[in-house]
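Each chain, letter by letter, is given below.
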Amino acid sequence: MNTSDDILTRSTSRPLAFFDKAMAFVTEVPAAILVVLETVILFAGVVSRYVFDAPLTWTDELASILFLWLAMLGAVIALRRGEHMRLATFLNWMSPARRAWVETLGTCTVVLFVAMLLLPSYDHIVDQWIVTTPALEWHDGVRVAAIGVGAVLMLAIALARLLERSSAAEVVSCVVLIAALVGALWFLKPVLMTLGNINLLIFFVGLVGLCVALGVPIAFSFGIATMGYLVLTTTAPLTIVVNRMDEGMSHIILLAVPLFVFLGALIEMTGLARAMVDFLASLLGHVRGGLQYVLLGAMYLVSGISGSKAADMAAIAPALFPEMKKRGAEEGELVALLSASGAMSETIPPSLVLITIGAVTGVSISALFTGGLLPALVGMLALGILIYFQMRHEDMSGVPRATWGQIGKLFLISLPALALPFVIRTVVVEGVATATEVSTVGVVYTLLAGIFIYRQFDWGRLYPILVGTASLSGAILLIIGCATAMAWALTQSGFSRSLVELMTNVPGGKIGFLLISALMFTILGSVLEGIPAIVLFGPLLFPVARAVGVHEVHYAMVAVFAMGLGLFAPPFGVGFYAACAIGKVEPDKAFSRVWPYLGVLFIALLIIVAIPWLSIGFL
């Protein structure tokens, strides 16, 4: 690069660096504060109602107002940090130059979507301003303004990313391509208006599939396809998109998403997860395959505390992998098992997917939490049997066996950690707190245990954890919002009726319906992940399940377990790549090794399909 290029780069990068720091401060500090406020407000509601028998009528209302702001600020942070969920498989196969151009095209797509949101967001604020909340008597426009502010901030970040990472030639070529595509579709609008439901294939299969394959984040892929469908094939105003996003992201039950993500990070930081792992290792570490069994048991227990599988795996892997490698385990095999254990534990409450099912389908959260334990246990037993045959010749010479005294000591140390999953479930089932509020009980419990019992609380990590919580939650909730808008478009098109008729008439009755659903949700879990798939198809298929005689909790377990298989199945499942990243192993080393584990989990899925009692026996 010559001197003039150096000067140009410095003159461009300095303002962008300042902008990035300013944007981080403007979004991350308020988001971190909001996570704390939501925890305090909801926990205060639990204490006032259950301890003092004096309910605070305004807590849910204030929490709901702040929640939408947290969701949108989190989505902004996720965009700035590159943490929105997307499919990167095809990008990883491209040359660096081609990948850079495709990344630019994806960023331009994000710019187009958020720019199209601006005017409808303003109109939605105006429409909602006349609505006042019942307890606080605030204008509802204060709450929904979060969507407009978030759109403005995301637009600024996307434009800055183009300036920072893309050349002028890449930006111009991408803008010309998008403009040409938009112009061609606009020219064809009269034709599209006559195609009826064929447009669903064009926009919600073709355009969504193309955007996802090109690495556009899933939320923005859904959003741009929905916008395009409404503009080019209907007369519906775009404010309906913002309205549906607001509806999808504002379910009070979804407040559990950031709070359980926060809880998952805390159990790792405070040492609760490590205490559980050490106790299980003292019990089983001396037997053949013992640490593999410990990994499964630890994932089962930790998943009963956190709602985030990435957090669960990040808490377990560092505690076990070093010793497992010392015993000769291949790193690819370890990551394959870690990935499979993530799939196995998808139904364990408080799974974020279960919470989402409750929010969008109306199924009892308490019933879902109760019904999710045995299906995961079936998956764990299936993996345990495979491990037994794989490790039956493992050389255990030199591996000491823990004494009963050591086991007892580790049990006492781990007891507060082991009690937490039972505390969470008991609080929900006994009606002490709602599924949203129980997460705050877990957070307070973990904070107290970490500070006073384990004496392990790194205050320096708290702020990054709060920001990371906001980022992951925002990414999840923006997907839910955009998927809700897309689901509305699908419903209005009449697609829902066609799908209901098709699924009702599948051969094989209930079993046939369940098997087709399992296959469909496995594919959707691989391509879209579980939450967007549930938001899109849950409201459509759960009524069909009831109509053909399938219990809704049984159907939920089949769907969630199947989506877990897809989520952790290569080459598309992002959970598989998350496991590789946590284990610090290249995906190709685990690619071939994960299939036996997924195979036995598929057998477990068939057992769950065939035996409804596993899902509903304890309801």
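Presented here is a report on the structure given in the accompanying data block.

Analysis parameters
Residues numbered from 1 in each chain as written. Predicted model: local features only at pLDDT ≥ 70, side-chain atom pairs only at ≥ 80, totals over all residues. Heavy atoms only, no water. Helix = DSSP H or I, 4+ residues; strand = E, 2+ residues; numbered from the N terminus. Buried < 20%, exposed > 50% of the residue type's maximum accessible area, 1.4 Å probe, protein only. Polar contact = N/O pair within 3.5 Å; in protein donor to acceptor, adjacent residues only side chain to side chain. Axes fitted to C-alpha atoms, helices over the stretch in contact; angles between N-to-C directions. Left-handed = near helix turned anticlockwise from the far one by under 90°. Contact = heavy atoms within 4.5 Å. Nonpolar A, V, L, I, M, F, W, Y, C, P; charged D, E, K, R; others polar. Salt bridge = Lys/Arg side-chain N within 4 Å of Asp/Glu carboxyl O. Parallel < 35°, antiparallel > 145°, perpendicular 65-115°, else oblique. Expected span 1.5 Å × (residues − 1). Core = buried A, V, L, I, M, F, W, Y, C linked by side-chain atoms within 4.5 Å. Phe/Tyr/Trp six-rings, centres within 6.5 Å; stacked < 30°, edge-to-face > 60°.

**Considering the side chain of R143**
Within the element layout of this structure, R143 appears in helix α5 (residues 140-165). By relative accessible area, R143 is classed as buried at 10%. Within the structure, the side chain of R143 is placed 2.9 Å from the side chain of S250, a separation counted as a polar contact.

**Structural notes on the packing of helix α23 (residues 509-527) against helix α28 (residues 594-610)**
One can describe the packing of α23 onto α28 by two numbers: an axis separation of 10 Å at closest approach and a directional angle of 145°. When you trace α23 past α28, the crossing you get is right-handed. From α23, I511, L514, L515 and A518 reach across to α28, where they touch L605, L606 and V609. Class assignment of the residues belonging to the contact of α23 with α28 gives a composition of seven nonpolar, no polar and no charged.

**Side note on the pattern of salt bridges**
Overall, the coordinates contain 14 salt bridges when judged by the stated rule. As a salt-bridge pair, E268 and R461 come within 2.7 Å of each other at their nearest N and O atoms. Taken as a pair, E268 in helix α11 (residues 256-269) and R461 in helix α21 (residues 459-492) lie far apart in primary sequence, 193 residues in all. What makes R461 partly exposed here is its relative accessible area of 33%.

**Observations concerning the packing of helix α2 (residues 59-81) against α21**
In contact at an axis separation of 6 Å, α2 and α21 are set at 100° when each is read in the N-to-C sense. With respect to each other, α2 and α21 are oriented roughly perpendicular. Of the residues in α21, those in contact with F67, L70, A71, G74, A75, I77, A78 and R81 of α2 are V467, G468, A470, S471, G474, A475, L477 and L478.

**With respect to α23**
Taking 1.5 Å as the rise per residue, α23 with 19 residues should run 27 Å; its terminal C-alpha atoms sit 27 Å apart, in good agreement. What α23 keeps buried is the set G512, F513, L514, S517, A518, M520, F521, L524, G525 and S526.

**Considering the nonpolar core**
Counting residues in each nonpolar core, the largest one holds 214 residues, and the members touching the most others are F204 and F521. When residues in this core are grouped by element, the largest group, 17 residues, is from α21.

**Things to note about the packing of aromatic side chains**
Tallying each qualifying case throughout the model produces twelve aromatic pairs. Measuring from centroid to centroid gives 5.3 Å for F90 and W93, while their planes differ by 90°, and the two rings are edge-to-face. According to the relative accessible area criterion, F90 is partly exposed, its value standing at 26%. Centroid distance Y388 to F389: 5.2 Å. Interplanar angle 80°. Geometry classified as edge-to-face. On the accessibility criterion, Y388 (47% relative accessible area) is partly exposed.

**Observations regarding unusual backbone geometry**
Residue E137 is not a glycine yet carries a positive backbone phi of 60°. Here E137 is to be found in the loop between α4 (96-129) and α5. Taking the relative accessible area as the measure of exposure, E137 reaches 61% and is therefore exposed. Here the phi dihedral of R455 falls at roughly 50°; this positive angle occurs in a residue that is not glycine. With respect to the element layout, R455 can be found in the loop between α20 (438-453) and α21. In this structure R455 comes out as exposed when scored by relative accessible area, which is 70%.

**Observations regarding the environment of G358**
Inspection of the secondary structure assignment puts G358 in helix α16 (residues 352-361). The exposure class of G358 is buried, given its relative accessible area of 12%. Separated by 321 residues in sequence, G358 and L37 place their C-alpha atoms 24 Å apart.

Don't take any of this as a statement about function, it's just geometry.
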